[in-house]
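Close look at the chain arrangement
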Amino acid sequence: MREKLIKYTSILGIQLVILVGLTTLLSSLLLFVNIEINGAVFIIAWILSIIFSFLSINRIHDKINQKIKCGILLNFIFIIIISTTLFISGKYFDISHDGQMYHQEAIIQLQEGWNPIYDDPLDEINYTPFFWINHYAKGSWFYGATLYDLLGNVEYGKSINIILLVASILLSFSTILRINNSITWASIFSILLAFNPVTINQMLTFYIDGQLYSLFLLLVVLLTLHQIEKSNEFYLPIILTLALLINIKFTALGYALILCTIPLILTLYQYIFVEKIRDYKLLIKITIKRKINIILITGIILGIFGIGFSSYVSNMMDHGHPFYPLAGNGSVDIITENTPVGLRNLNKIEQLYLSIFSETSNSLDGIAISKFPLKITEQERSILWIMDVRIGGFGPLFGGIIIIMSIGILLWKDIFVNNAVRNVLLITSVIIFTIIINPEIWWARYVPQMWMLPIIFLILLTQNIKGKLKGFYIICVSLLIGLNCVIMLKTNYNAIALISKDLTIQLETMSEFSKSNEIIINMETFKSNRKRFDNFNINYVEVDNLSCEKPFIIPGSISTFCTNNPDLYNQLHLKNYQKYQ
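Note that the structure is predicted; figures quoted are calculated from it, not measured.

In terms of regular secondary structure, the chain is built from 25 helices and 4 strands. In terms of overall size, the chain behaves like a compact globule, its C-alpha atoms giving a radius of gyration of 25 Å where 581 residues would be expected to give roughly 25 Å. Counting across all 581 residues of the chain, residues that qualify as buried make up 59%. A separation threshold of at least 6 residues defines the contact pool for the chain, and within that pool the share at least 24 residues apart is 74%. Summed over its atoms, the accessible surface of the chain is roughly 24600 Å², and 63% of this surface lies on carbon and sulfur atoms. One finds the centroid of the 42 positive side-chain charges in the chain at a distance of 17 Å from the centroid of its 39 negative side-chain charges.

Okay, the sheet that holds strand β1 (residues 519-522) next. Taken together, the 4 strands give an open sheet; going across it, the order is β2-β1-β4-β3, and neighbouring strands pair in mixed fashion. One side of each edge strand has no neighbouring strand; the edge strands of this open sheet are β2 (540-542) and β3 (552-553). Where β3 meets strand β4 (residues 560-562), 2 bridges bridge the pair, whose relative direction is antiparallel. Note that in β4 the partner of Ile553 across the bridge is Thr560.

Bringing the state of the cysteines into the picture now. Disulfide: a covalent bond formed between the sulfur atoms of two cysteine residues. Applying the stated criterion across every chain, the model contains 1 disulfide. Between Cys485, a free cysteine, and Cys476, which holds the nearest cysteine sulfur, the sulfur-to-sulfur gap is 16 Å.

Relative to the helices and strands, Gln100 is located in helix α4 (residues 97-111). Residue class for Gln100 comes out buried when judged on its relative accessible area of 0%. In terms of polar contacts, Gln100 uses its side chain to reach the backbone carbonyl oxygen of Ser96, at 3.1 Å. Of the polar contacts made by the side chain of Gln100, one reaches the backbone oxygen of Gly556; its length is 2.6 Å. Here Gln100 is in contact with Asp94, Ile95, Thr525, Phe526, Ser528, Asn529, Arg532, Gly556 and Ser557, once residues within four sequence places are set aside.

Looking now at the environment of Ile519. Mapped onto the secondary structure, Ile519 falls in strand β1. For the pair Ile519 and Tyr540, spaced 21 residues apart in sequence, the C-alpha to C-alpha distance is 4.6 Å.

Here the structure, examined in full by the defined rule, presents 3 cavities of 30 Å³ or more. Taken together, 15 residues make up the lining of the largest cavity; nearest its centre are Ser355, Ile356, Gly393, Phe394 and Phe398. Residue contributions to the lining of the largest cavity peak at 3 residues, all from helix α17 (residues 348-357). Broken down by class, the residue content of the lining of the largest cavity amounts to 10 nonpolar, 5 polar and no charged.

What follows is about the packing of aromatic side chains. Scanning all chains against the criterion turns up 29 aromatic pairs. Taken together, a centroid distance of 4.9 Å and an interplanar angle of 70° make the contact between Phe131 and Trp132 edge-to-face. When sorted by exposure, Phe131 lands in the same class as Trp132, which is buried. With a centroid separation of 6.4 Å and 20° between ring planes, the pair formed by Phe394 and Trp451 is classed as stacked. Of this pair, Phe394 sits in the loop between α18 (378-381) and α19 (398-411) while Trp451 sits in the loop between α20 (422-436) and α21 (452-461), placing them 57 residues apart in sequence. Taken together, the ring pairs in this structure connect Tyr102, Phe131, Trp132, Tyr136, Trp141, Phe250, Tyr312, Phe323 and Tyr324 into an aromatic cluster. The cationic tip of Lys91 hangs over the ring face of Tyr92; the distance from NZ or CZ to the ring centre is 5.8 Å. Just above the ring of Trp443 sits the side chain of Arg445; from NZ or CZ to the centre is 5.1 Å.

Here Ser89 shows up in helix α3 (residues 64-91). If we skip the residues at most four places from it in the chain, Ser89 touches Glu155, Tyr156, Lys158, Ser159 and Ile162.

Further remarks concern unusual backbone geometry. Cis geometry is adopted by the peptide bond preceding Pro325, which originates at Tyr324 and carries an omega value of 15°. With respect to the helices, strands and loops of the structure, Pro325 is situated in the loop between α16 (309-319) and α17. Although it is not a glycine, Asn34 adopts a positive phi angle of roughly 60°. The phi angle at Asn537 is positive, at roughly 55°, despite the residue not being glycine. Looking at the element boundaries, Asn537 is found in the loop between α23 (530-535) and β2.

Turning to a nonpolar patch on the surface, a few remarks are in order. Among the surface-exposed residues, Ile43, Ile44, Ile47, Leu48, Ile51, Leu55, Leu150 and Leu151 lie close enough to one another that they form a single nonpolar patch of about 660 Å² accessible area. For the nonpolar patch, the secondary structure elements donating two or more residues are α2 (40-60) and α6 (139-151). Note that Leu151 resides in helix α6. A relative accessible area of 39% places Leu151 in the partly exposed class.

Viewed as axis vectors pointing N to C, helix α10 (residues 209-229) and helix α11 (residues 235-246) meet at an angle of 150°, and their least axial separation amounts to 9 Å. Viewed along their axes, α10 and α11 adopt a mutual orientation that is roughly antiparallel. Read as a crossing pair, α10 and α11 show a hand that is left-handed. Residue-level contacts link Leu212, Leu215, Phe216, Leu218, Leu219, Leu222, Leu223 and His226 of α10 to Tyr235, Pro237, Ile238, Thr241, Leu242, Leu244 and Leu245 of α11.

This paragraph deals with the layout of surface pockets. The space that makes up the largest pocket amounts to roughly 1100 Å³. What lines the largest pocket is a set of 37 residues, among which Tyr136, Leu326, Ile334, Ile335 and Tyr446 lie closest to the centre. Only α4 and α12 (250-259) provide two or more residues apiece to the lining of the largest pocket. Taken together, the residues of the lining of the largest pocket break down into 22 nonpolar, 6 polar and 9 charged.

About the thresholds
Residues numbered from 1 in each chain as written. Predicted model: local features only at pLDDT ≥ 70, side-chain atom pairs only at ≥ 80, totals over all residues. Heavy atoms only, no water. Helix = DSSP H or I, 4+ residues; strand = E, 2+ residues; numbered from the N terminus. Rg over C-alpha atoms; globule rule 2.2 N^0.38 Å. Buried < 20%, exposed > 50% of the residue type's maximum accessible area, 1.4 Å probe, protein only. Contact = heavy atoms within 4.5 Å. Areas by Shrake-Rupley, 256 points an atom, 1.4 Å probe, with all protein chains shown as cover. Lys, Arg positive; Asp, Glu negative; His and termini not counted. Charge placed at Lys NZ, Arg CZ, Asp CG, Glu CD. Pairing = 2+ DSSP bridges. Disulfide = S-S within 2.5 Å. Polar contact = N/O pair within 3.5 Å; in protein donor to acceptor, adjacent residues only side chain to side chain. 1 Å grid on protein atoms, 1.4 Å probe; cavity = no way out; pocket = protein on both sides within 12 Å on 5 of 7 lines; lining within 4 Å. Points joined across faces, edges and corners; volume = space filled by probe spheres on them. Nonpolar A, V, L, I, M, F, W, Y, C, P; charged D, E, K, R; others polar. Phe/Tyr/Trp six-rings, centres within 6.5 Å; stacked < 30°, edge-to-face > 60°. Lys NZ or Arg CZ within 6 Å of the ring centre and 35° of its normal. Patch = residues over 30% accessible without salt bridge, like charges linked within 9 Å, V, L, I, M, F, W, Y side chains within 5 Å. Salt bridge = Lys/Arg side-chain N within 4 Å of Asp/Glu carboxyl O. Axes fitted to C-alpha atoms, helices over the stretch in contact; angles between N-to-C directions. Parallel < 35°, antiparallel > 145°, perpendicular 65-115°, else oblique. Left-handed = near helix turned anticlockwise from the far one by under 90°.

The structure is reproduced here in structure tokens:
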């Protein structure tokens, strides 16, 4: 049973990675040959991922009937997962700021034929969000544009968040079960690892920090799986995960390059400290010849010069720096104005301390308010759902989790000298390094991998559960982490579901009244909202300035509209809409 679960969850997780990876890669290759992004690419990627699953099953079963049964079962689950993610993504609107300002707009522009490799840059003078679209990494946008072209609704592009989350659960489970015999603990830890509060809050939006975390986790577990099994079945998913990660955002390139050192570090440790090899020329020769190095280099090349050509290479050619506009001549500082006033004059450690042990807040003007680490205040409850919350972004209980983890480290520090877990410790050291090199360590969305640390510690503890105290400790901390995730998930879902419901009612009402009355709309910097109006067949005129005294705000947006029809005004001026005014 255990071995079957290890194999099947690995195949299914890899299958999901291949679907997203090939959709993104093939779409970017179409642009290279000057062909518009096409929804058929998703179907092709789907077929290829199914072929992969049957090939993988063929290697683990001898009897034909077993191969067919397992292949049908796994692909039935695969279809259920994809269908569910598409349903959820299409059901709820993205109400995030960045999602509506430039992520959705980028997807729309790509689907409508813009080719960032050959076409002129979008007109950023007349519409400022085009500035970010022209230069930022575009990996998730390629995927979103493909789904939009295929299914006709831009919201389906959000499915990448849930697909990557599910893939990270499956592959984390497969990895943990290889080093821990307990199916229960492997299930718990894989779910806790995947449900990072940053990922939870961005799951139903086009924000990309949650995607970054899922891909970060996927790359770590895939490299770990390869180290354990030395199997070539992990080569393709490693290449695709690496290429995807590089093209989520600029900081991800740095993270990806650092994570690529994991096989090298594990190999050198094995040869130098375990096998006691002191012939350094031999060490270099052995290390260079490893196939995994070629795989990693392939992923990096595909990421930078393939999927990332229209961002990294174009930025280098046009502006002298691959990370423009965040670095190089004419770079833009987007951090200072987004840093809370109370953190601006502090060093990294002080900022991190306040961010973890203060009341959750998204205010830029206020100061960090200290609280009891296991307390949840009413003020926190009202903002926990925000996608890019600044202070306390890992949830209201994360400070308590860190304190209890620190106590556990002091109580059972002997686990860190256990040879059986040395590879996990080495990988954890690499993860910690990716955290400390980030100058904005205080903002959870910029270092989402910090969430992994307490859970990795629990995984280490379960390698040798002796004594009631240790067992009780593991259960309590797991429950606390789980409670933190549930609070974040419930708060975020309730907010998005409510606003999506209100927005749907408002759009339906506007659609009905626009049949005989013209509605005047000011999109502001959320021009992507035009697709929502089009989908609901709303007859509207877009203007830059509204002349009415009391314009309506579109729920979950900054777009506003006016109407001279008193019936529409009265119908929309209900109690549940007044909160948006």
